[in-house]
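Each chain, letter by letter, is given below.
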Amino acid sequence: RRASGEKVKALVTGGAGFLGQYLVQQLVDSGQWEVTVFDIREAKVPGATTILGDLRNRSQVEEACKGIQVVFHCATAAPTGAGALNKSLMDGVNIQGTKNIISACQACKVTKLVATSSASVVFDGHTLQMVEETHAYAQKPMDYYTQTKIESEKLVLAANGVGGVATCALRPSGIFGEGDPLFVPTVAKQAANGKMKYVIGNGKNQMDFTYVGNVAQAHIQAAEALSLDSVLAGSAYFITNQEPLPF
Ligand code: NAD
């Protein structure tokens with residue numbers, strides 16, 4: 001909320017999704033934000049308005065950004081199932097969609113853009129322990145989805161300062177929590193099919209998972225701290241539950 005008591009106007013792309021709904025809920029609950037969701041499906045969070053639209057449609061995106069002060073760009077083309085194999089969908093939503101968001105932010109004088117990236121942008125199949133954000137992007141990303149997340153993040157960070165928009169990117173690794181459509185349901189399905197009796201590698205693999213509510217909170221804290229003269233401007237941050245433990 002600004003000094004005048006007015007609520008800050010936020011747009012959440014992908015606000016009907018797993019992470020997006022938590023973010024929208026937290027923004028609404030704080031009482032400090034007026035929240036609009038931009039998604040291809042309706043968000044079911046009371047107190048937020050949904051604009052049904054497609055990120056690939058530039059004029060719809062620009063219309064949605066009118067009067068907005070802060071954009072949280074969480075939408076993504078689904079990384080699993082048939083969608084994951086659809087390169088033009090990945091390009092359209094994750095790359096062209098991000099370009100549309102950036103140009104709409106510039107045109108509509110949005111002041112802050114916080115984009116959801118992924119920790120997988122630095123993962124090339126080798127062990128990563130205690131890496132910092134300066135770690136290079138993966139030369140050979142795991143899959144096409146991750147390649148588009150890399151492109152999208154680069155676009156967001158390069159746009160910092162252009163047209164007065166401050167940008168940053170947040171990189172969660174795995175996300176878990178109530179309503180998770182992906183991780184736990186996949187594990188449960190595998191278990192139901194009797195496929196939980198194998199070990200990947202030497203059994204000592206580690207993977208970072210962060211609670212969805214914490215990832216959502218990180219977005220709000222990033223937005224609050226972000227400005228053109230802040231350290232966040234033009235930067236990416238890994239998001240995790242806690243300090244990594246020594247290995
Ligand atoms: P999700 O699939 O639950 O939500 C994505 C939302 O984007 C959906 O509501 C979907 O309808 C919307 N969307 C898809 N295409 C669109 C389009 N063309 N126009 C407008 N909206 C569209 O995914 P999620 O797990 O909530 O992921 C949110 C963000 O977090 C993504 O950027 C994702 O890459 C990132 N992320 C997720 C995980 C994870 O484990 N879930 C891990 C790392 C990063």
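To keep things clear, this report deals only with the structure shown in the data block.

**Here we look at the packing of aromatic side chains**
Tallying each qualifying case throughout the model produces five aromatic pairs. Chaining the aromatic ring pairs together yields one cluster made of Phe-18, Tyr-22, Phe-176 and Tyr-211. When the ring centre of Tyr-144 is taken as reference, the NZ or CZ atom of Lys-87 above it lies at 4.7 Å.

**Brief notes about helix α5 (residues 144–158)**
With 15 residues, α5 should cover 21 Å at 1.5 Å per step; its first-to-last C-alpha distance of 21 Å lies within 8% of that length. Listed in full, the buried residues belonging to α5 are Tyr-145, Thr-146, Thr-148, Lys-149, Ile-150, Ser-152, Glu-153, Val-156 and Leu-157.

**Remarks on the site of the ligand**
Around the ligand sit 24 residues in total, of which Asp-39, Asp-54, Tyr-145, Lys-149 and Ser-173 are the nearest. Backbone polar atom of Leu-19 to an oxygen atom of the ligand: 2.9 Å apart, as the coordinates give it. Burial of the ligand by the protein amounts to 89% of the accessible area it has alone, namely 830 Å². Looking at the shell around the ligand, the elements that each hand over two or more residues are α1 (18–30), α5 and β7 (174–176). Among the residues forming the shell around the ligand, the class breakdown is 11 nonpolar, nine polar and four charged.

**Observations regarding the side chain of Thr-36**
Looking at the element boundaries, Thr-36 is found in strand β2 (residues 33–39). Residue classification places Thr-36 among the buried positions, given a relative accessible area of 15%. Non-local contacts of Thr-36, meaning those with residues more than four positions away in its chain, are made with Ala-10, Leu-11, Val-12, Thr-49 and Ile-51.

**Brief notes about the packing of helix α4 (residues 87–107) against α5**
Two numbers describe a pair of packed helices, the interaxial angle and the distance between the axes. Here α4 crosses α5 at 10°, and the two axes come no closer than 9 Å. The orientation of α4 relative to α5 falls into the category roughly parallel. Residues Lys-87, Met-90, Asp-91, Asn-94, Ile-95, Thr-98, Lys-99 and Ile-102 of α4 lie in contact with α5, whose contacting residues are Tyr-144, Tyr-145, Thr-148, Lys-149, Glu-151, Ser-152, Leu-155 and Val-156. Of the residues belonging to the contact of α4 with α5, the class tally is seven nonpolar, four polar and five charged.

**Overview of the environment of Val-71**
Looking at the element boundaries, Val-71 is found in strand β4 (residues 70–73). When the C-alpha atoms of Val-71 and Val-35 are compared, they prove to be 9.9 Å apart, with 36 residues separating the residues in sequence. Apart from residues no more than four positions distant in its own chain, Val-71 is found in contact with Leu-11, Cys-65, Ile-101, Cys-105, Val-110, Lys-112, Leu-113 and Val-114.

**Structural notes on the pattern of salt bridges**
If you walk through the whole model with that rule in mind, you get three salt bridges. Close ionic contact of Glu-63 with Lys-66 constitutes a salt bridge, the shortest N to O distance being 3.0 Å. The pair Glu-63 / Lys-66 is uniform in exposure class, with both members exposed. Between Arg-171 and Glu-153 there is a salt bridge, with its nearest N and O atoms 2.7 Å apart. Of this pair, Arg-171 sits in strand β6 (residues 166–172) while Glu-153 sits in helix α5, and the two are 18 residues apart along the sequence. As far as the burial class goes, Arg-171 and Glu-153 line up, both buried.

**Topic: the nonpolar core**
Within the largest apolar cluster, 34 residues are counted, with the highest numbers of intra-cluster contacts made by Val-12, Leu-23, Leu-27, Trp-33, Phe-72 and Val-114. Within the residue set of this core, elements represented by two or more residues are β1 (8–13), α1, β2, β4, β6 and α7 (212–225). Setting aside chain neighbours within four positions, we find Phe-72 in contact with Ala-10, Leu-11, Val-12, Thr-13, Leu-23, Leu-27, Trp-33, Val-114, His-219, Ile-220 and Ala-223.

**Describing the side chain of Thr-13**
Looking at the secondary structure, you find Thr-13 in strand β1. Only 2.9 Å separates the side chain of Thr-13 from the backbone nitrogen of Cys-74, close enough to count as a polar contact. A polar contact is formed between the side chain of Thr-13 and the backbone nitrogen of Ala-75, at a distance of 3.1 Å. Setting aside anything within four residues of it in sequence, one finds Thr-13 in contact with Phe-38, Leu-55, Phe-72, His-73, Cys-74, Ala-75 and Ile-101.

**Quick word on unusual backbone geometry**
Unlike most non-glycine residues, Lys-109 shows phi in positive territory, near 60°. As for its placement among the helices and strands, Lys-109 is situated in the loop between α4 and β5 (112–116). Judged by its relative accessible area of 66%, Lys-109 falls in the exposed class. Look at Met-130: it is not a glycine, yet its phi comes out positive at around 55°. Within the element layout of this structure, Met-130 appears in the loop between β5 and α5. The exposure class assigned to Met-130 is exposed, which follows from its relative accessible area of 52%.

Calculation rules
- Residues numbered from 1 in each chain as written.
- Predicted model: local features only at pLDDT ≥ 70, side-chain atom pairs only at ≥ 80, totals over all residues.
- Heavy atoms only, no water.
- Phe/Tyr/Trp six-rings, centres within 6.5 Å; stacked < 30°, edge-to-face > 60°.
- Lys NZ or Arg CZ within 6 Å of the ring centre and 35° of its normal.
- Helix = DSSP H or I, 4+ residues; strand = E, 2+ residues; numbered from the N terminus.
- Expected span 1.5 Å × (residues − 1).
- Buried < 20%, exposed > 50% of the residue type's maximum accessible area, 1.4 Å probe, protein only.
- Near = heavy atom within 4 Å.
- Polar contact = N/O pair within 3.5 Å; in protein donor to acceptor, adjacent residues only side chain to side chain.
- Areas by Shrake-Rupley, 256 points an atom, 1.4 Å probe, with all protein chains shown as cover.
- Nonpolar A, V, L, I, M, F, W, Y, C, P; charged D, E, K, R; others polar.
- Contact = heavy atoms within 4.5 Å.
- Axes fitted to C-alpha atoms, helices over the stretch in contact; angles between N-to-C directions.
- Parallel < 35°, antiparallel > 145°, perpendicular 65-115°, else oblique.
- Salt bridge = Lys/Arg side-chain N within 4 Å of Asp/Glu carboxyl O.
- Core = buried A, V, L, I, M, F, W, Y, C linked by side-chain atoms within 4.5 Å.

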